[in-house]
Amino acid sequence: MATETLTLGKALNTGLRRALENDQKVVIMGEDVGKLGGVFRITDGLQKDFGDQRVIDTPLAESGIIGTAVGLAIRGFRPVCEIQFDGFVYPAYDQIVSQVAKMHYRSQGKVRIPMVIRIPYGGGIGAVEHHSESPEAYFAHTAGLKVVTCANPQDAYVMIQQAIASDDPIVFLEPKRRYWEKGPVDLDAPLTDAYPLHSARVARSGTDATVLAYGPMVRTALDAATAAAEDGRELEVIDLRTLSPLDLTAAYESVKRTGRCVVVHEAPGNLGLGSEIAARITEECFYSLESPVLRVTGFDVPYPAARVEEEYLPDLDRVLDAVDRTFGW
Amino acid sequence: MAKGDPGAATRSKRAAPRTRRAAATGEPELVQLLTPEGERIETALGPDGTEYRVDFTDEEYRGLYRDLVLVRKLDAEATALQRQGELGLWASLLGQEAAQVGSGRALRAQDMAFPTYREHGVLYCRGIDPIMPLGLFRGVDQGGWDPNEFKFNMYTIVIGAQTLHATGYAMGVAMDGKTGGEDGEAVIAYFGDGATSQGDVNESFVWASVFNAPLVFFCQNNQYAISEPLERQTRVPLYRRAGGFGFPGVRVDGNDVLASYAVTRHALDTARSGQGPSLIEAYTYRMGAHTTSDDPTRYRIASEVEAWQAKDPIARMKAFLLKQQIVDESFFTEIDEQARTESVHLRERVLNMPDPQPVSMFDHVYPHGSPELDEQRARFSQYMESFEGSAH
Ligand SMILES: Cc1ncc(C[n+]2csc(CCOP(=O)(O)OP(=O)(O)O)c2C)c(N)n1
Ligand SMILES: [Mg+2]
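Residues numbered from 1 in each chain as written. Chains lettered and ligands numbered in written order. Predicted model: local features only at pLDDT ≥ 70, side-chain atom pairs only at ≥ 80, totals over all residues. Heavy atoms only, no water.

### Overview of the overall build of chain B
Phase 1 of the analysis: Along its length, chain B carries 14 helices and 9 strands.
Phase 2 of the analysis: A globule of 392 residues ought to have a C-alpha radius of gyration of about 21 Å, and chain B, at 23 Å, matches this closely.
Phase 3 of the analysis: A separation of at least 24 residues holds for 73% of the contacts in chain B among residues at least 6 apart in sequence.
Phase 4 of the analysis: Roughly 17700 Å² of accessible area belongs to chain B as shown, and the carbon and sulfur atoms make up 52% of that amount.
Phase 5 of the analysis: Between the averaged position of the 40 positive side-chain charges in chain B and that of its 55 negative side-chain charges there is a distance of 9 Å. (Helix = DSSP H or I, 4+ residues; strand = E, 2+ residues; numbered from the N terminus. Rg over C-alpha atoms; globule rule 2.2 N^0.38 Å. Contact = heavy atoms within 4.5 Å. Areas by Shrake-Rupley, 256 points an atom, 1.4 Å probe, with all protein chains shown as cover. Lys, Arg positive; Asp, Glu negative; His and termini not counted. Charge placed at Lys NZ, Arg CZ, Asp CG, Glu CD.)

### Observations regarding the nonpolar core
Phase 1 of the analysis: Core analysis: the biggest nonpolar cluster contains 112 residues, and F172(A), Y61(B), Y65(B), F137(B), L258(B), M317(B) and L321(B) have the highest contact counts within it.
Phase 2 of the analysis: Per element, the largest residue contribution to this core is 10 residues, and it comes from helix α2 (residues 58–83) of chain B.
Phase 3 of the analysis: If sequence neighbours within four positions are ignored, F137(B) has contacts with V128(A), L87(B), G88(B), L89(B), W90(B), A91(B), Y117(B), H120(B) and Y155(B).
Phase 4 of the analysis: By size, the runner-up hydrophobic cluster in this structure holds 44 residues, among which are V70(A), A92(A), I117(A) and I238(A). (Core = buried A, V, L, I, M, F, W, Y, C linked by side-chain atoms within 4.5 Å. Buried < 20%, exposed > 50% of the residue type's maximum accessible area, 1.4 Å probe, protein only.)

### Notes on the sheet that holds strand β12 (residues 242–244) of chain A
Residues and elements named next belong to chain A.
Phase 1 of the analysis: Overall, mixed pairing links the 7 strands, which are arranged β3-β2-β4-β5-β7-β6-β12 in an open sheet. Only two strands of the sheet have a single partner each, and these edge strands are β3 (55–57) and β12. Taking the axes of each pair of neighbouring strands and ignoring which way they run, one obtains an average angle of 20 degrees across the sheet.
Phase 2 of the analysis: Examined bridge by bridge, strand β5 (residues 116–121) and strand β7 (residues 170–175) share 6 bridges and lie parallel to one another. (Pairing = 2+ DSSP bridges. Axes fitted to C-alpha atoms, helices over the stretch in contact; angles between N-to-C directions.)

### Remarks on the site of ligand 1
Phase 1 of the analysis: E62(A), Y117(B), R118(B), I157(B) and G194(B) are the nearest of the 20 residues found near ligand 1.
Phase 2 of the analysis: At ligand 1, the nearby residues belong to more than one chain, namely chains A and B.
Phase 3 of the analysis: With respect to ligand 1, the side chain of E62(A) contributes an N or O atom lying 2.5 Å from a nitrogen atom.
Phase 4 of the analysis: A per-class count over the shell around ligand 1 returns 10 nonpolar, 6 polar and 4 charged. (Near = heavy atom within 4 Å. Polar contact = N/O pair within 3.5 Å; in protein donor to acceptor, adjacent residues only side chain to side chain. Nonpolar A, V, L, I, M, F, W, Y, C, P; charged D, E, K, R; others polar.)

### Here we look at the pattern of salt bridges
Phase 1 of the analysis: Following the criterion strictly, the structure yields 44 salt bridges over all chains and no others.
Phase 2 of the analysis: Residues E82(A) and R118(A) are paired through a salt bridge, measuring 2.9 Å at the closest nitrogen-oxygen approach. Here the residue E82(A) occupies a position in strand β4 (residues 78–82), and R118(A) occupies one in strand β5, the gap between them amounting to 36 residues.
Phase 3 of the analysis: Linking R53(B) and E51(B) is a salt bridge whose minimum nitrogen-to-oxygen distance equals 3.1 Å.
Phase 4 of the analysis: If you follow the salt bridges from partner to partner, you end up with R108(B), D111(B), E182(B), D269(B) and R272(B) in one network. (Salt bridge = Lys/Arg side-chain N within 4 Å of Asp/Glu carboxyl O.)

### Some details on the sheet that holds strand β13 (residues 261–268) of chain A
All names here are of chain A.
Phase 1 of the analysis: Strand order across the open sheet formed by 5 strands is β9-β11-β10-β13-β14, with mixed pairing between neighbours. Two strands in the sheet have a free side with no partner beyond their single neighbour: β9 (201–204) and β14 (294–298). Sheet twist, expressed as the average angle between the axes of neighbouring strands with direction ignored, equals 25 degrees.
Phase 2 of the analysis: Lying on the sheet, helix α10 (residues 273–285) is in contact with β10 (209–213), β13 and β14; it crosses β13 at an angle near 160 degrees.

### Focus: the domain arrangement of chain B
Phase 1 of the analysis: Along its sequence, chain B is carved into domain 1 (51–351) and domain 2 (358–392).
Phase 2 of the analysis: With centres defined by C-alpha atoms, the gap from domain 1 of chain B to domain 2 of chain B works out at 39 Å. (Domains from an automatic or database assignment.)

### A word on the confidence of the model for chain B
Residues and elements named next belong to chain B.
Phase 1 of the analysis: This prediction gives chain B a mean pLDDT of 93; 92% of its residues lie at or above 70.
Phase 2 of the analysis: Note on residues 1–25: pLDDT under 50 across the span, and 6 contacts to partners over four residues away in sequence or across chains.
Phase 3 of the analysis: Reported for the predicted complex are a pTM of 0.95 and an ipTM of 0.96. (pLDDT = per-residue confidence, 0-100.)

### Quick word on the side chain of Q84(A)
All names here are of chain A.
Phase 1 of the analysis: Along the chain, Q84 turns up in the loop between β4 and α4 (93–100).
Phase 2 of the analysis: You can call Q84 buried: its relative accessible area is 8%.
Phase 3 of the analysis: Here the side chain of Q84 touches E31 through a polar contact of 3.3 Å, landing on its backbone oxygen.
Phase 4 of the analysis: A polar side-chain atom of Q84 sits 2.8 Å from a polar atom in the side chain of D32.

Structure representation (structure tokens):
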């Protein structure tokens, strides 16, 4: 079994390579994805090996990238589109929400758009504005789209291939600040045996409170759990992985045991994923809850200047503070 | 061309070589008043027959040279500050000084500019303190200046968005009856070669055209959009795009400060007099990386950079000043000294830029606040205070 230690970025790169090898109809398109290999090098070397017909440097226009990918999909291709940064997806928002999401529905199932829209998202890298946003709620709110996000190299490697193989249009959110974090990746495990794409997974078992997180915040939640354990409190951390559809089966089971639940995300709290999750947990686990479901999120302000992003972003302390509050209720 | 169109065959035959010729020569048809060797050209003809010339005094020539050198030096200082961790990022204008100084000096006091994130040279020529945009790059703010106070909009990072803002502003100028004559107002929109592919830019062309907006589209074609060369954005010279939208376009040698000035002044004056928009393509080259995060060796070859080095905007101006005996060597020493002083001054002030208070992130979300957000801010302050005195 070939298990290698890869960064999350390299795991994505390897997953994309596999997808290009396995299906001639897979094409990668985006700004600077070819010769440069993407500004984060996620497509590094792919144009060199698969040619510029399959790894396409597009003109600088996001609406154009997604709109032409719709046409390619109708023609039978499986486009994998890269949006360079979260804050630059909005010129394509119309194409994604009005076209990509609705084709299957409008055609009564006759048209499939097996498209993957990769978006590096989230903050914590000290960037200038428009480079640190968390737009997941916009997409999760749109019926017809699926939204997933990975938190570790193994999932990055598997999930990107599953997303490409899926017949649904999928917004694939990549936690950019975790691109350089390393972990073991099993490169041989067949995709058919892999953990299903649209399912959450327990990242750490615990008995005292449940912490739900996804993408870049999974690491933060795990760190919080480690710190809490030193104080004698065992947190169960669940990596949600799929944001639309949500898979809360494991969460319900967990909260029914622990009676306490904290949801963590970087995106602003107001109408964020946490709102929907808290509502569902409350509906499903009402009689087991010892306290309300609490949310630890970004604030309801535009993503702020880099020098204050540390205070904007949920961190270990804020997660633990919320856990404490569930106990103080 | 549609099948069955009787003229199709002959017309396409006639058109084909013309297109090829333009592409094959490689030499753009550009307006130039100062050659790379520093030779003055008296008059240059634009594609529509417009005659471009400048009539500067020696003092004005010296002033342009000073601008070029200062702008380059301050830019180099910002790059150094980024390397030392004092800025999070820097988008260098190296190589594009003439396009920016020429167009920037062509603006009249009443004119309004809409920059991208690279127009530090235009900003300088507007008489604005070069420290102003550094807060954005240091990460202490996101602009924070009043566009109307400086007649210079905040930097726009989302590619192309500002061209629509410029168009709307220009429509407003016309609606206010502020066009016509010498003191009419004009607007200039800066953008890059890559930006020309964006929907926003093409929409701004449509809007400006049908509303006859007093606007100059100033495209700095620096040959790259990060790693993507011009050919990824266009098959025709960019200035020719204007024709299809119904306004004139001209390609100028963007490394020639005199020609950049001349074409911009003409276009601005055309706009201010109420004769509508035009497009200037300043043909230039990004000598450095896209930003300090970029590694251009991955996508372009050294010989290409060297070829453009020979067209350097400052070297040709220097050669001209010397040849014409407008200055002697002491002038250059004096300018270099001034540039050094100003860049040291800039550096000191960057180092002393305070970090914002974390709670300030809640400021200015709405003009009149919001009760919800006020509550969030209060909770945040309380939370932050709970750490005071602890190790945090
Ligand atoms: C809408 C949008 N998409 C992508 C980006 C990322 N990006 C920043 S600069 C740039 C290239 C811009 O090229 P060009 O317009 O030629 O301007 P230049 O940087 O060369 O001055 C890209 C793709 C962005 N800022 N905005
Ligand atoms: Mg460019």
